[in-house]
Amino acid sequence: MTLLEVNDLHVTYSGDPDVEAVRGVSFTLEEGETLGIVGESGCGKTTLAQAIMGALPDNGEITGGEIIFDGEDITHLSNRERREIRWERMSMISQSAMNSLDPVYRVKDQIKEAIQEHRDMSDSASYERARELMELVGLDPDRVEDYPHQLSGGMRQRVIIAMSLALDPDLIIADEPTTALDVIIQEQILYRIKELQRELGNSMVMVTHDISVVAETCDSMVVMYGGELMEYGGVDEIFNEAQHPYTLGLQNAFPSVEGEKRDLTSIPGSPPDLSEPPGGCPFASRCPFSAPECEQPLPTVEAGENHQVRCHEPIPFEQIRNRSTEDETWLSPNQH
Ligand SMILES: Nc1ncnc2c1ncn2[C@@H]1O[C@H](COP(=O)(O)OP(=O)(O)OP(=O)(O)O)[C@@H](O)[C@H]1O
């Protein structure tokens, strides 16, 4: 069953100038599945996650499209109505969450507070639940007695994950949940998140700039660039047969979680300024395959039953895929 449906979503930040950070994104998430949202910094991933969570900054607004959660249109719910869904049915692990633990309270008090804010649960029952949650995320339950500074960064992030699970939400949105941690700890936490998701059966949206994290943890994925969806589909379909030059460029940049990481310099240039987005394909100026038609609005190509690509296909996808594995392809963008 579909848990989350995002249809042609637009999000704009007002300012001088306005920035349309999400521009017509659509996808669905099935119950029990994990969807990855991947793209470089500034592509609108966090904005999309916050819009779903109902946690946009004050100057951010949904300016088009809809978000359907468990059959209910939640696009324009009031803050009060949103609060009822938030944490009870959806929770979020944000980028710097591990630094958001209050240094003056013990872990147990912070987890208990997260529970008791929403549930009528006694002190002793919520204490037991806090211990149980610690165990669930792979921490010694006795560490609930600790203050945050007594825990390592990885342990603090596990506490945050425990808190996000406290009310057994249907959907967890994890925005770069391990980026601030070293690679070994990152690997362990991602593994635990994946195990938990299997055990508990909740759905997850995993926001990351690292496509290898998506390969490890997700069932389906949205590749975003310049606020727009570039490629969408099952992880297996996309990893076996990526078609969009941007997805292929990201795959080159991140060979695997264990493998040696190269810098994103394998795609020269940087994402567009979203206060003045280009009229056609936002990736055209960095794309080694771009042609004059790429200045036209993007078409959606059905590449398979479970696979969409938004690309003008200036040369056949087969050729794009073959040439994208050659480093020299990425050295001189826009020469074709
Ligand atoms: N509160 C805000 N007001 C104005 N513009 C904003 C605001 N927050 C984000 N933006 C802009 O929206 C665009 C998308 O940002 P967003 O943080 O969603 O991207 P991202 O892909 O998640 O990047 P990162 O991983 O660095 O957070 C960027 O151009 C950013 O500068």
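Residues numbered from 1 in each chain as written. Predicted model: local features only at pLDDT ≥ 70, side-chain atom pairs only at ≥ 80, totals over all residues.

This part takes up the sheet that holds strand 3 (residues 34-38). Pairing in this open sheet of eight strands is mixed, and the strands run 6-7-8-3-9-10-12-11 from one edge to the other. Strand pairing shows two members of the sheet lacking a second neighbour, strand 6 (90-93) and strand 11 (301-304), which therefore form its edges. On average, each strand axis in the sheet is tilted by 20° relative to the strand beside it, whichever way the strands run. Alignment of strand 3 against strand 8 (residues 203-208), held across five bridges, turns out to be parallel. (Pairing = 2+ DSSP bridges. Helix = DSSP H or I, 4+ residues; strand = E, 2+ residues; numbered from the N terminus. Axes fitted to C-alpha atoms, helices over the stretch in contact; angles between N-to-C directions.)

By nearness alone, 17 residues border the ligand, and Tyr13, Ala21, Ser41, Thr46 and Thr47 come closest of all. Those elements that place two or more of their residues in the shell around the ligand are strand 2 (19-30) and helix 1 (45-53). Considering only residue class, the shell around the ligand consists of six nonpolar, 10 polar and one charged. (Near = placed C-beta within 6 Å. Nonpolar A, V, L, I, M, F, W, Y, C, P; charged D, E, K, R; others polar.)

Let us now look at the packing of helix 9 (residues 245-253) against helix 10 (residues 317-324). Where helix 9 contacts helix 10, the two axes come as close as 10 Å, and the packing angle between them is 20°. Taken together, helix 9 and helix 10 sit at an angle that is classed as roughly parallel. You can see that helix 9 and helix 10 cross each other, and the crossing is right-handed. Counted together, Pro245, Leu248, Gly249 and Asn252 of helix 9 and Ile320, Arg321 and Ser324 of helix 10 form the full contact between these two elements. For the contact of helix 9 with helix 10, the per-class residue count stands at three nonpolar, three polar and one charged. (Parallel < 35°, antiparallel > 145°, perpendicular 65-115°, else oblique. Left-handed = near helix turned anticlockwise from the far one by under 90°. Contact = placed C-beta atoms within 7 Å.)

Moving on to the environment of serine 100. By secondary structure assignment, the location of serine 100 is in the loop between strand 6 and helix 3 (107-116). Assessed through the 12 C-beta atoms surrounding it within 10 Å, serine 100 is described here as exposed. Expressed as a C-alpha distance, the spacing of serine 100 and proline 148, which sit 48 residues apart in the sequence, is 9.7 Å. (Buried ≥ 20, exposed ≤ 12 C-beta atoms within 10 Å, placed from the backbone.)

Now for the confidence of the model for the protein. Chain-level pLDDT for the protein is 89 on average; 95% of the residues reach the 70-or-more range. ipTM for the predicted complex: 0.98, alongside a pTM of 0.91. (pLDDT = per-residue confidence, 0-100.)

Now for the UniProt feature "domain: ABC transporter" (unreviewed entry) in the protein. UniProt's feature table lists "domain: ABC transporter" (unreviewed entry) at residues 4-251, given in the numbering used throughout. The span residues 4-251 carries 37% helix and 27% strand; its end-to-end C-alpha distance comes to 27 Å. (UniProt positions renumbered as here; feature names shortened; annotations may be inferred.)

On to helix 9. Taking burial as the measure, the nine residues of helix 9 include eight buried ones, the bulk of the element. Of the positions making up helix 9, those classed as buried are Pro245, Tyr246, Thr247, Leu248, Gly249, Leu250, Gln251 and Ala253.

This paragraph deals with the pairing of strand 4 (residues 60-69). With eight bridges connecting them, strand 1 (residues 2-13) and strand 4 associate as antiparallel partners. Pairing of leucine 4 across the sheet is with phenylalanine 69, part of strand 4. Note: strand 4 against strand 5 (residues 72-73), two bridges, orientation antiparallel. Across the sheet, phenylalanine 69 pairs through a bridge with glutamate 72, a residue of strand 5. In textbook terms, the turn of a hairpin is the stretch between consecutive antiparallel strands, and for strand 4 and strand 5 this stretch comprises two residues, one of which, aspartate 70, has a positive phi near 50°.

Take the packing of helix 3 against helix 4 (residues 123-136) next. Where helix 3 meets helix 4, the closest approach of the two axes is 9 Å, and the angle between their N-to-C directions is 110°. By the angle between their axes, helix 3 is roughly perpendicular relative to helix 4. Remark: the crossing between helix 3 and helix 4 carries right-handed chirality. Of the residues in helix 4, those in contact with Lys108, Ile111, Lys112, Ile115 and Gln116 of helix 3 are Ser126, Tyr127, Arg129, Ala130 and Leu133. For the contact of helix 3 with helix 4, a count of residues per class yields five nonpolar, two polar and three charged.

Cis geometry marks the peptide bond from aspartate 16 to proline 17, where omega comes out at 5°. Inspection of the secondary structure assignment puts proline 17 in the loop between strand 1 and strand 2. Even without glycine at this site, aspartate 8 takes up a positive phi of about 45°. Structurally, aspartate 8 can be placed in strand 1. Of note in this structure, glutamate 176 is not a glycine but carries a positive phi near 45°.

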